[in-house]
Structure formats: structure tokens, C-alpha cells
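Architecture and fold: a report
Residues per chain are reported as follows:
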Amino acid sequence: DYEAFVCVLCPAGAGGWSPLDSNKYQWLEIKLEQRTEITAIATQGRYGSSDWVTRYFLMFSDTGHNWRPYRQEDSIGAFSGNSNADSVVMYKLQQPVIAQYVRILPLDWNPNGRIGLRLEAYGCQYKSDVVGFDGSAHLLFRPDPSVTPANRDVLSMNFKTLLNSGTLVHMEERSGHTLTLELFRGKLLLQLRKGRGSSADFHPLVSLGSLLDDQHWHHVSVERVRGLVNFTVDKNTQQFQLPESWSHSEINEVSPGLQKSQSRRNFHGCLENVLYNDISVIERAEEKQGNVSFTCTESIDVPVTFASPGSFLALPWVSGGESVSVTLQFRTWNKAGLLMTFDLQHNAGTLWLYLSEARVRLQIHKTGRIMTDITAGASLNDGQWHSLELAVRRGRLAVTLDRTDSSTASTSFPVAPDSQLFLGGCPDTEHSSCRNPFSVFQGCMRLIRTDAALVDLIRVQQMLFGNFSDLQMDMCGIVDRCSPSRCEHGGRCSQSWSTFHCNCSATGYGGATCHSSIYEASCEAYKHKGNTSGFYYIDVDGSGPIKPQLIYCNISDKAWMVIQHNNTELTKLKVSSGINQHLAHFNYSADVEQIQAIITQAEYCEQELSYHCKKSRLLNTPDGAPFSWWVGQSGEAHMYWGGAVPGSQQCACGLQENCVHPEHFCNCDADSKEWSNDSGLLSHKEHLPVRALTVGDINRSGSEAAYRVGPLQCYGDSNFWNAAYFNKETSYLHFPTFHGELSADISFLFKTSSSSGVFLENLGIKDFIRIELSSPTQVLFSFDVGNGPLEVKVETPSALNDERWHHVRAERNVKEASLYVDHHPGAVQKAPADGHIHLQLNSQLFVGGTASRQKGFLGCIRSLKLNGKTLDLEERAEITPGVTPGCPGHCSSYGDLCQNHGSCVEDHSGFTCDCSLSPFTGTFCHKDVSAFFKPGTSVTYTFKEPYELNRNVSAQSSSIYSDLTLKGENVSLSFRTSQAPALLLYVSSYYREFLAVLLNRNGHLDVRYKLQHNRDAEVFRASGRNLANGLLHRVSVQRLAETLSIQKQETKTFPLNTQMHLFLSAESGEVDPEIARLNALGFTGCLSVVQFNSISPLKAALLYPDTSPVIVTGPLSESSCGSSLHTNPYAAETTHSLTDHVGSVNTGEPIVNAINSDSALIGGVIAVVIFVSLAALAVMARFLYRRKETFQPQEPKAGKTDDSPETPFNTDPNSQSIISDNQKEYFI
């Protein structure tokens, strides 16, 4: 229980404090009888008046100087005060404060009144043992050796000092090893030293704290439980493991203030309540050496804080001597800022001394010219105190940093202040002579001397000397925002005076605090972004503690995650004398916790386990003790083999009852002299992966064996597809309270037809967090952490209630809140400076609705993750009315991933692409089907007819033939060749009608149509340049009724001389003789993705030769010659690389050169196809054409051309090719 020990407000009577002037330079200070533990503060306005304080600073001190502001949540400096004169506003301090002085600094007050205050403080008396050290003294304490050593040792104390380095405590155990607690550059280091003597090396174990040389009390404790140590400084704790030699050691000496190394400094300052295992070291110390005092004597150094852009300190200059000397100490986090400026006497110019790029720079300007320019120091923005001296003597000007780094310059004019010296900045007034073209200084200064005289800053504070604005007197308000670091996942923290920044490069995480992962959680997620097989970084727990891991994704109909280990090859064993067993350990490319998380979220996992044997038994079935076994995930040995069930002590053949010898349950147990094997897949997820393998029975003469443990392979992602469908506005799912005090990230997918609805909500007493669809085109992320409600909105150009999946990502941390929807530009809301940072929730988390059952969501929510953990929506939905587990309809969102006319097929968990109507293959119908042709190689595709027809029975055939009548064709193909002329594609009919795609003798692309047997073919010239250049070209020929279009880089349209229909049959007539002569040359080159309407003859010949009506002549095999190496248009756009791996690693494109890669990519040759050039096949497909309508004959036209493909077949070299009367050509 605590009592009110000071009362400056008397609730029942009149009175209160009200200064004569109401301005921001007033304060109320209370001196207590002794140091007291203060736990709460309460305020009221002045009794019976309009005077009250609405906002104030609360400060504490032990001496009445060097005040320390109290910060709520380590960030908020100001307290909210009263709104009237009578009500009491009380604050219970989150961390009690021990002090003798309390000070209230009013910041704002009732604008219709004055500053008025009544104050009450709560707490209790505080007693302590204190000892002071002057840098040469120490104590020595030896624990009682008769006391049985405990498994737990605890050393705790409080300390304060003005020096940033010195040894607080030296602990030594009986073997001579020591633990040392040392203050170094304002941080506490816990160090281990092995062995005795000055030559023994120190090994830093851990560092904690910052700015501990501020002359305020700090608490430190070291707790050791066997080899585990908890190291605490103030409110921050780090845990680490001691070396084995220290796990059971006994401390026999504790020496506060002592350092047994000549190279290190003893402690100069005060220690309080030094306890070792609850024994007071100060009281029980056996030796007291040096000047040890049992009081804490403190020097009075009055610092001043320049905290705002308007801060400055103006000091009058009264010295009239020839020399000038100004010295001070400063500390800051900023790289830039004005330290000092003054006008020179006799209008000789202006001197500026300022920080630039963390160095001190001095410039003297006169009439726009730089007369003097020198620099000194480096890295002065490290938060440490640095001494600065400006000295001018006899025409020499010197700037000295930290007494060692000095720069000088000669001056031909006197350098002395005219009347005033300005520190930190300049007054913001028109009449001031001070000008500051640089940044203002934000930091602390102390020990300011002008001509060796110390400036009395207390008199300045009392406005008796100099002038100032926006200064915090008698305190240094510097805060280390990087200790502890708010940057997560190894992000590097840097800071300025008012904020911090996290460098997330090479971490795999992004955001203001490196909180959210930039990688997907599974290969399943990469597949649904349109990615194909390759190496990807997988972050199984998102923003959780498990690091991203590089894993191979084998993406087909299923997205397999393949985790390799150090020996996936077949390993042969031979008899070795004296060796009864072979033990193999497998080290995987992923960590244990990563593998465990992958297996847990996977739908299915497997690992091949095979044993090849020759006179080497395996499990010794049916009744013997196993010779071999494998060790799984938990370290337990398993006696069943691949293909069998757990606990069976069988192999696959035993389970299937087809072993070579039925009396055994494994083939190898027959002990045959012939080679045999037992192989199969292990698929019990709880046992995987195989960590070790023990093989016995290999020490007999003639025994031989080999084993193989394949990589761990898993597919499916139960988290990715975990979904719930909300079919009532009043329905919702509830989960335990979401804990995201400092960092909270939420991601999910939704689809709906409703215009609004709340996705999720979690409430606290005052705080809350909510994400909702506020309109068809707006998602709203709102929250309150104590600073008032904040909203982050994203507007989308198109409606989101379109029954397609949309991805929402929201994050809130101590710096900002952000919201992203799909790939639209995100919205970011900065957190208020010095505001509340802890999100404190206490109710249940509601998903799909609110506690009030209003504004409920109608639709599907999927893959809901909070701080990397997936909520099991389906499990809750099964027991919740109005909500059903799962949500179908994925093709509406992912169907666009199926390329090249592939069709999307719904699956329970995702989708697949049906490529049967596409000439492409692969997961997304993205992989071209190509073959390299040589002369003599061809593919013939024969159309199937529904009936066998007699070509003379025209009456019956008319109706059947009409089913095979085409009013248009769509032909596409790709080719790569250096041959000209060359026939690429030929389609003919029994009636000598045909379609041909060919290269003429000049390599120009011609398309020939002959649609009437008694007339010659029409020739359409599709390209006027040589395409026989070894490059990949793509051609598309489309006819719709009487219009023909040929696409090659650009589309050309030709009118045909009739409206025609294409009639298909299964009989073949004679080949056009001109085409036959051209075809006799054969074709040498690459043909790819050939399609005629819905038929892909080359794909059928290469992939389905046994079930397709194809005839292949000559050698034919699949090739990658038709690949254009185009990038995936659905790959992720932005990536972050980890630099310690070979190759390019990102979220959208697999690493192709990490292990085995395409040689073109390894060589750096990347082909970029600006316009996809389709071209061809040396395929003769037998089609039958028949005209359904006749046309009027046109006048024949004769002509000559050098591009005619018939020319090479002319036996007379002097003759010219003649185009027949019925032949027409169109040149492009």
C-alpha cells in the first residue's frame, strides 16, 4: 500500500500554485525529505478559479539538478492534465521512480485563465546502501565457502556515473575464469575471461543499454541458472548460454569497482544495493581499498537540451582581449546542425561553426566569399559527449575535437565576436543579426565556457543572463531510439534526434521496422502468382521468427517443395573389417524449425527410402531384431521401411504381400546372393524427415549394399487455402485476443458481391483495430493506440465486390501504419511523434463481423494471417452457424494465369490449367513444344471422320460433310531456320485444294491458298524481308469467310476472290506438283507450337504419339529450340535480394544459375522477343477441302517474279519463271 506523502492541493480548501507570469518558462518544484519511491501523480486546477494546466512535463532528480523527464511507454514525454479546476487526474507510473525532487513544467493551460495547479504525489519511503568510487577504489567480497553452492546465482545493483567507461564488477571463480561487468562508451558489456594473468583475453558475451553515463540511476542484474544467463539493464533483458566450463562453476570473489587489467579503467561513480544471492556486498565486504565513501557525491554539471527547430541560446560577449576561447561539450544523433555563430568585430564577416556529415566545420564568410574553411573530427553523431574548443590567438584560429583532433588556419583579420554569441540556432525575428543557413542543432550541450569562464546556465534559466528560446534547462533529453532496437529480423537501426530508421537490406523483410516478409510462405503461393519451377525464398511464418530459406519449387499440377540434404545419391557400402554398422547423418538445406513448419502446413510429404542388397539383410523379418533403422524428426528410431506403415517392421512388399520370399516382409531379408532391393516412399508427416540411417549386416563375407535417401518433398499449403464463407450479416467467427502491441501485420484474401462489411475487429478498453470494406472501391484500416483514432484508406480504380479474390495487407508499427490492396498503390499513415505506441486489446478477435453484430461481411475470407500465424477459419466455421468452411470459385481470380488458350479447371484447393486445346504445355500452358527437323523428317496428322464414306455416294455424304465444313481457319506456328526455299506447312485435299505456308528462295514468307481445283493458287506475300536468318519467327494465318489475315510483326489483311468454306475429310488426293518439288528438298530447322484451329499436330506427335492420329517419318524428338526465353508476365514486380547466394533471388523469378541452369542464361545470352513471331512446322496434314459456293472467274494476269519458289526446280538456268494465268500474288 502506498500513501500520499506530499500534498500541494488541498481538495477541501482554497489555494493552489499559480505563478505571476503564465508562460512556458514556469515550473513547480517539490523537495522531499529523502529519496522516495514515487508511484503515482495526481493534479487539479486552482481552487475556485479558471486556472488549470492541460498538459505538462513530469521530471525527477536526486540533487535538484540534472533533471530526468518521465516518459510513458518510453516515448511520451507530456502528460495530459485537467479540463477544469475541480476534477482530479491521476497517473499511476508504469515504472516507479526513486527521487528526492519532483518538478512539474506546464506546457499548456486554460486559454481563458492562467497556470493553476494543485498536486499530490504517491509512494513510499526508500532505503538503500550506497557506495561511491573515485576511480581508484574497490571492495572485495568472498562468499561463504561452507554454503552449498546453488544452481542459481544472482548479482544485482544500481549504478550512476558521468563517465562512459569503467568496470563495475569483477567476479572470479575458483579455476581463475572471470566474468566482468564493464561500462564502455555508455553501454554495459558482460565479458568472459579465461585464465589468470594480464595476458588472458576478454571475450564479450553480450552488450546492453545505452547512454548510461547520464548521472542517473540504472538497474543491472546478472542471473545464472547453470549455463543459462539472463542479463538485464533497466527494463531490457537478453538471454544467452555460457560456455560449458562455466555451467557448474562457483564464484569465490566479487569485487565492485575493480578491474584487474592495467589496460582498463576502474569505475568512477556510485553503486547502490549490490546484492549477490540476496547478500549485501557493501555490508559484508572484507576489504575496502582506496577512497571508498558510503555516500554518493555528485558533481554538478548543468546540461541544456536543444530540442526543437526554434531552440537557441544567446550569450553576451564581454571580453575585450586579443584572444578568443570558446569551449563546450555536445552530444547528438544528427549529422548536421549549427553549433555556434557570431558576427565578427569591425564588420569583418560572420563565423559559423557547424556539423556537416558528422564532422565539425568552420567557415568565415564576408560579403558572400568564404574567407576560412576548416574541418575536424569524424563520426560525431554517435550520441557520445564530445568536447569542442574554438581558440584564436595571434592570427591563428584552431578548432579542436576531443582534445586530440585539431585543425588550424591563419587569419589576416581579427576573429572575435562583435557583441553576442549564438549557440544551436538563431532567433526567428526580423531584427536579429543572427543568420543560420544550415540546419538547427538538436542535442545537448554542457560545460560552456567563454574565455575560460563557465557560463552559469541556472542564471540563464532564471533570465538573469543572456537569452534563449525552447531550451530544456538542467537536463539532457537525448534518447537512444535504437536501444533496444525496434528494427526486427536483423534490420540495422540508425537514428536522428527525433526518429529512427531501419535498413532492411539483405534481411528478407520490409516495412518501416523490417517486420513483414517480402517472400511467400510456400511454393503453392508462388504458383498462384504465376511462377514456374525454380529456386525461391520461402518464409513459412511470414513476420514470425523463422528466417526465409532458399528452396526449390517443382511446380506442375501440384507445387512441390523440394528440400535437399547432403547425400541424395545412391551410396554403396562394402564389407569393412571391424565395422559392424554404417551410420549416416543427413544435413538438410533448411533448419529444423523451418522444416517442421513446412511439414506442418503441407498437405502431403514424402521421402524416398531405398535399400539395395546382396547378402545383406534389412529388417530381419519376420521375427528377428532389425539390422537397420532410420531416425526421424523427433530423434526416435523407426523400424519400418519406405512404402510400409509406421510400426509395422515391414517393407513395401510385405504390405503388398508380393515379397520375393513370402515368409519375409522385405525382399532383402531373404539373404539372397543375387541383387535385390526394398524401396518406397515414407509419407507419415510426423516422422519426416529422415535425420539419420543405420545400416547393419554388412560385415559378412560377400555382403554388399547400397542405400538412397531422397530429398524431402511436400506439396499443398493448408494455410493458403484455409477459408470460410459468411452467408449472414450477423454471423462471425471469434478467436483469442490478438497480441500485436508494437508490431501488427494482418493479411488475407477476400471475395464478395457486397458493397461493404467488416473483415475483422478487436477491441480494448480504449484501443481497437479494425479492417473493413467501407465501399465497393475502398478498404479502410482503422485503429487507436491511445493517440485517437487513425485511418488508412486505399481507393481502387475498379470495384472490389466482383466475386474475385483480392489480397489485403495491413501493418501497424511504432513508426507508421500501411495498407495495400492487390497491386494498387498503398497508403501510409505516419505515427504521431512522441505518442503512445502500445496497442492494448483485451476482447475476442471477431472475423467477418463485429461484437455488435452490425456491418457484418458477406462473402469469403481466406488465408487470414496475424503476425505470420494463420487462423484456422475452417475449424471454427464447422461449428459456427451462418459460416461454412471452404470457398470454391478460384478460376474467376486465377484463370488468367492459364496462357495460350489454356482453360482453367477448378480444384478444391486451387486450380489447374487444361492445355489440351493449346499447342503449349506446362503448368500454365506456357511451355512451347518444339522439335528440330532434318531432311526426311515430317509429321502427318490425319483427321478422323465419324463415318467411312464412299466418295461416289454424294447424296449421303453431303449432310455428313457439312459437319466438317469450316468457314475459317486459325493457323499458327513458329520456326527458326537458315534454309530457303522451304516448305513449312502444307494442308491438302483430295480435290487438289490446299493451303501452304512456305519460304521462297529469298527467304520471304508466302501463304498459298488454292480453293478451286480448276484454278491456280493465290499467293499472299506476308513478309518482304529474309526470314531464313536463324532467328525465331512467329506467324499466324487467320481466315474468316472471305477475309484472310497474316500476322508477322504487323497484321496484313487480304480480300479473297470468293466466299469459301473449308471441307474436311479423311481421304487424300495428289499433292500439288509445285509443292511436291519444293517439299522434296526437305526442311532443316526448328518448328514450334504448331496449331490448326484446336488441333496441335506437333504436340500430339511429340507428347502423345500412341493415342493420336499422327504418322512420324524420320527421327523426331522434343527440343528447346523454339524457346524465346520470355519472362513470365505474372511474375512479381519488386524483389529484395540476399547477397550471400549466387544468382538472382527474388519473389518473381527463380534462380536459374544456382545449381544446374540453362546454358544460355549462364552465358548471359537473353533473347527478348518484342513481337512474338510465330511460324511453323514441316508438317504435312492431310485435309480435304471442298467449296460450297462457286465464284465468277476473273481475267488471268501474267507476270514475273524473282521470289517464286518454283525457280530452283527449273532445269534451264536461262529460263524465267512464269506465273500461271489463274495465279495471283500480293506483295507487302
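Summary of the structure given here. Everything quoted here is computed from the prediction, not taken from an experiment. (Residues numbered from 1 in each chain as written. Predicted model: local features only at pLDDT ≥ 70, side-chain atom pairs only at ≥ 80, totals over all residues. Heavy atoms only, no water.)

Some details on the overall build of the chain
- Helix and strand counts for the chain stand at eleven helices and 85 strands.
- Across the 1228 residues of the chain, 53% fall into the buried class.
- In the chain, 69% of the contacts between residues at least 6 apart in sequence involve partners at least 24 apart.
- In the form shown here, the chain has an accessible surface area of approximately 55200 Å², with 48% of it arising from carbon and sulfur atoms. (Helix = DSSP H or I, 4+ residues; strand = E, 2+ residues; numbered from the N terminus. Buried < 20%, exposed > 50% of the residue type's maximum accessible area, 1.4 Å probe, protein only. Contact = heavy atoms within 4.5 Å. Areas by Shrake-Rupley, 256 points an atom, 1.4 Å probe, with all protein chains shown as cover.)

A closer look at the nonpolar core
- The biggest cluster of nonpolar side chains holds 51 residues, and the ones touching the most others in it are Ile538, Tyr611, Trp641, Tyr707 and Leu712.
- Discounting residues that sit within four places of it in the chain, leucine 712 has contacts with Met561, Val562, Ile563, Tyr588, Ile595, Ile599, Cys605, Glu606, Gln607, Leu688 and Pro689.
- Membership of the second largest hydrophobic core comes to 46 residues, among which are Trp317, Leu339, Leu362 and Ala409. (Core = buried A, V, L, I, M, F, W, Y, C linked by side-chain atoms within 4.5 Å.)

Observations concerning the pairing of strand E26 (residues 350-356)
- Judged by how many residues are buried, E26 sits mostly within the fold: six of seven residues are covered.
- Alignment of strand E25 (residues 337-343) against E26, held across six bridges, turns out to be antiparallel. Across the sheet, the residue bridging to methionine 340 is leucine 353, located in E26.
- What sits between the antiparallel neighbours E25 and E26 is a turn of six residues, in which histidine 346 has the positive phi angle 60°.
- Here E26 runs beside strand E27 (residues 359-366); their pairing, made up of seven bridges, is antiparallel. If you follow leucine 351 over to E27, its bridge partner there is isoleucine 364. (Pairing = 2+ DSSP bridges.)

Here's the deal with empty space enclosed by the protein
- This structure, assessed with the given rule, holds seven cavities of 30 Å³ or more.
- Contributing to the lining of the largest cavity are eleven residues, with Asp153, Met171, Leu179, Val222 and Arg224 lying nearest its centre.
- Of all elements in the fold, only strand E10 (152-160) and strand E15 (218-225) reach the threshold of two or more residues within the lining of the largest cavity.
- Here the lining of the largest cavity is built from residues that sort into eight nonpolar, no polar and three charged. (1 Å grid on protein atoms, 1.4 Å probe; cavity = no way out; pocket = protein on both sides within 12 Å on 5 of 7 lines; lining within 4 Å. Points joined across faces, edges and corners; volume = space filled by probe spheres on them. Nonpolar A, V, L, I, M, F, W, Y, C, P; charged D, E, K, R; others polar.)

Quick notes on unusual backbone geometry
- In this structure, the amide linkage connecting serine 483 to the following residue, proline 484, adopts the cis form with an omega of -5°.
- Mapped onto the secondary structure, proline 484 falls in the loop between strand E36 (471-473) and strand E37 (492-495).
- Residue proline 689 is reached from leucine 688 by a cis peptide bond, and omega for that bond is 0°.
- Within the element layout of this structure, proline 689 appears in the loop between strand E49 (676-682) and strand E50 (692-695).
- The phi dihedral of asparagine 900 falls on the positive side, at around 55°, and the residue is not glycine.
- Topologically, asparagine 900 is positioned in the loop between helix H7 (891-894) and strand E67 (903-907).
- Overall, the relative accessible area of 25% leaves asparagine 900 in the partly exposed class.
- Unlike most non-glycine residues, asparagine 1093 shows phi in positive territory, near 50°.
- Secondary-structure assignment places asparagine 1093 in the loop between strand E81 (1085-1092) and helix H10 (1097-1103).

So, the state of the cysteines
- Applying the stated criterion to the full structure yields 16 disulfides.
- Cysteine 605 shares a disulfide with cysteine 714; S-S distance 2.0 Å. One disulfide, between cysteine 605 and cysteine 714, carries an S-S torsion of 110° and so falls in the right-handed class. On the criterion of sequence distance, the pair formed by cysteine 605 in strand E46 (residues 604-614) and cysteine 714 in strand E52 (residues 712-715) is long-range, its members being 109 residues apart.
- Judged by its relative accessible area of 1%, cysteine 714 falls in the buried class.
- One disulfide bridge connects cysteine 915 with cysteine 925, the sulfur atoms lying 2.0 Å from each other. Here the disulfide of cysteine 915 and cysteine 925 is left-handed, its torsion about the S-S bond being about -95°. One end of the pair, cysteine 915, is in the loop between strand E68 (910-914) and strand E69 (930-933); the other, cysteine 925, is in the loop between E68 and E69, with ten residues separating them in the sequence. The pair formed by cysteine 915 and cysteine 925 is uniform in burial state, with each residue classed as buried. (Disulfide = S-S within 2.5 Å.)

A few points about the sheet that holds E50
- Spatially, the four strands line up as an open sheet ordered E45-E50-E47-E48, and their pairing is antiparallel. Looking at the sheet topology across the chains shown, the edges are occupied by strand E45 (582-585) and strand E48 (637-638).
- With three bridges joining them, strand E47 (residues 629-631) and E50 adopt antiparallel strand pairing. Directly across from valine 631, in E50, lies its bridge partner alanine 692.

Considerations on the sheet that holds E25
- Here seven strands make up an open sheet; going across it, the order is E28-E27-E26-E25-E32-E23-E35 and the pairing antiparallel. The open sheet has two edge strands, strand E28 (369-376) and strand E35 (467-469), and neither has a second partner. Direction aside, neighbouring strands of the sheet carry axes that sit 15° apart on average. (Axes fitted to C-alpha atoms, helices over the stretch in contact; angles between N-to-C directions.)

Let's talk about the packing of aromatic side chains
- Applying the stated criterion across every chain, the model contains 32 aromatic pairs.
- Aromatic rings pair up to connect Tyr56, Phe60, Tyr70, Phe79 and Tyr91 into one cluster.
- Arginine 862 extends its terminal NZ or CZ atom over the ring of phenylalanine 720, reaching a point 4.6 Å from the ring centre. (Phe/Tyr/Trp six-rings, centres within 6.5 Å; stacked < 30°, edge-to-face > 60°. Lys NZ or Arg CZ within 6 Å of the ring centre and 35° of its normal.)

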